[in-house]
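Coordinate analysis (summary)
Residues per chain are reported as follows:
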Amino acid sequence: MNDILDFGLDDLSPVDDDSEEAMEALWTGDLTVLSQHHTTPNGSHSFVLAHDRSVTWGIPGEPQLVAIAVARDLRQSTFTFETSHHATASFAQNWLAERSCPLERIALHGGDCIEPADDLTLQVEQQIQKSGTRYEVLDTYTSDDNPSEAWTLVNDSQATQAPVRLFYEEWNHGAGTYTMREGAFPDVGVAQTWLDERSEPLPEPPEYSDHNGAVVRARIALSRSAGTSPTPQTGLDAPRASAAVPVQGRLL
């Protein structure tokens, strides 16, 4: 983990106003780098996944992970600078992959890792990472309280049923693990009701069933063995603690 981030742009100029504004809005001193990849030769591109520590003191629920993509034109002495904030690492990795960063180069490894609790978590994460532009993000939320959780609400352009999907991540501090689950809803209102009430387990996507309507046994077994709470009680307006933040793949 590296707390110092230098993009080496001193001798270059932003190619447009958007790049200049994105660079100026980012305080690198507030970032803890979780993973980064720099291309060769000449370091023309940089891709960074980082935790923004300043967000934990800001508006409750704001996404705490930031993805950064920098492209340098060394012949023209210019650069483009893009950033995007995300609730979970898998969506940040998807954003970076869409900007030509190899997923294996931006994976989270080493350090004080929080590990995936089961194979279903890995499967859902890989689905997000490789989804391209399939998911339109509608809303996100991150909670430092108990339970520690983050979720991303999306519209799934490939879903023929229940197109509103909720990707729900929960951390188990004691075990040093986290789980990621996908829920399916007919519309945003129903999804919001579930988030507000948490009175029922997260509804599984229809495609988790086979053509005969029988639930795929492997997925059910993984889901039941995860050991996470199906009805977490943290509401959208719950206060946020100032304790260490469990970022997916890392414990900060």
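Residues numbered from 1 in each chain as written. Predicted model: local features only at pLDDT ≥ 70, side-chain atom pairs only at ≥ 80, totals over all residues. Heavy atoms only, no water.

Further remarks concern the environment of Asp30. Positionally, Asp30 belongs in the loop between α1 (17-25) and β2 (31-38). The exposure class of Asp30 is partly exposed, given its relative accessible area of 28%. Residues Asp30 and Val55 lie 25 residues apart in sequence; the distance between their C-alpha atoms is 8.9 Å. Residue contacts for Asp30: discarding those within four places in its chain leaves His51, Asp52, Arg53 and Ser54. (Helix = DSSP H or I, 4+ residues; strand = E, 2+ residues; numbered from the N terminus. Buried < 20%, exposed > 50% of the residue type's maximum accessible area, 1.4 Å probe, protein only. Contact = heavy atoms within 4.5 Å.)

What follows concerns the sheet that holds strand β3 (residues 45-52). Strand pairing in a sheet takes place through backbone hydrogen bonds and is either antiparallel or parallel in direction. In space, the five strands of this open sheet follow the order β1-β5-β4-β3-β2, with mixed pairing throughout. The open sheet is flanked by β1 (13-14) and β2, the only strands paired with a single partner. Seen against the sheet, α1 touches β1 and β5 (78-86) and runs at an angle of roughly 55° to β5. Across the face of the sheet, helix α2 (residues 89-97) comes into contact with β3, β4 (65-73) and β5 while running at roughly 15° to β4. (Pairing = 2+ DSSP bridges. Axes fitted to C-alpha atoms, helices over the stretch in contact; angles between N-to-C directions.)

What follows is about the pairing of β2. Within β2, six of the eight residues are buried, which leaves the element mostly enclosed by the surrounding structure. Here seven bridges tie β2 to β3, and the two strands are oriented antiparallel to one another. In the strand pairing of β3, His38 is matched with Ser46.

If you walk through the whole model with that rule in mind, you get seven salt bridges. Close ionic contact of Arg181 with Asp118 constitutes a salt bridge, the shortest N to O distance being 2.6 Å. Of the two residues, Arg181 sits in strand β10 (residues 177-185) while Asp118 sits in the loop between β6 (115-116) and α3 (119-129), which places them 63 residues apart along the sequence. Asp118 matches Arg181 in its accessibility class, with the two residues each being buried. One network of salt bridges, with partners in common, ties together Arg134, Asp156, Arg165, Glu182 and Glu207. (Salt bridge = Lys/Arg side-chain N within 4 Å of Asp/Glu carboxyl O.)

Taken N-terminus to C-terminus, the directions of α2 and α3 make an angle of 30°; their axes are 8 Å apart at the nearest point. Put simply, α2 runs roughly parallel to α3. Viewed along their axes, α2 and α3 form a crossing whose handedness is right-handed. Taking contact as the criterion, the partners of Ser90, Phe91, Gln93, Asn94 and Ala97 in α2 are, on α3, Glu125, Ile128 and Gln129. Considered class by class, the residues forming the contact of α2 with α3 number three nonpolar, four polar and one charged. (Parallel < 35°, antiparallel > 145°, perpendicular 65-115°, else oblique. Left-handed = near helix turned anticlockwise from the far one by under 90°. Nonpolar A, V, L, I, M, F, W, Y, C, P; charged D, E, K, R; others polar.)

Turning our eyes to something else, we now look at unusual backbone geometry. Here Ser77, not a glycine, exhibits a phi torsion of approximately 60°, which is positive. The backbone of Arg198 sits at a positive phi, close to 50°, despite the residue not being glycine. Structurally, Arg198 is set in the loop between α4 (188-197) and α5 (217-225).

To continue, consider the environment of Ala117. Note on placement: Ala117 falls in the loop between β6 and α3. Taking the C-alpha atoms as reference, Ala117 lies 8.9 Å from Asn172; in sequence the two are 55 residues apart. Setting aside chain neighbours within four positions, we find Ala117 in contact with Thr177, Tyr178 and Thr179.

Attention shifts here to the confidence of the model for the protein chain. Mean pLDDT over the protein chain works out to 83, with 79% of the residues at or above the 70 mark. Counting contacts from residues 211-218, a segment whose pLDDT is below 50, to residues more than four positions away or on other chains yields eight contacts. Every residue in residues 220-245 is under pLDDT 50, and counting partners more than four places away or in other chains gives 59 contacts. (pLDDT = per-residue confidence, 0-100.)

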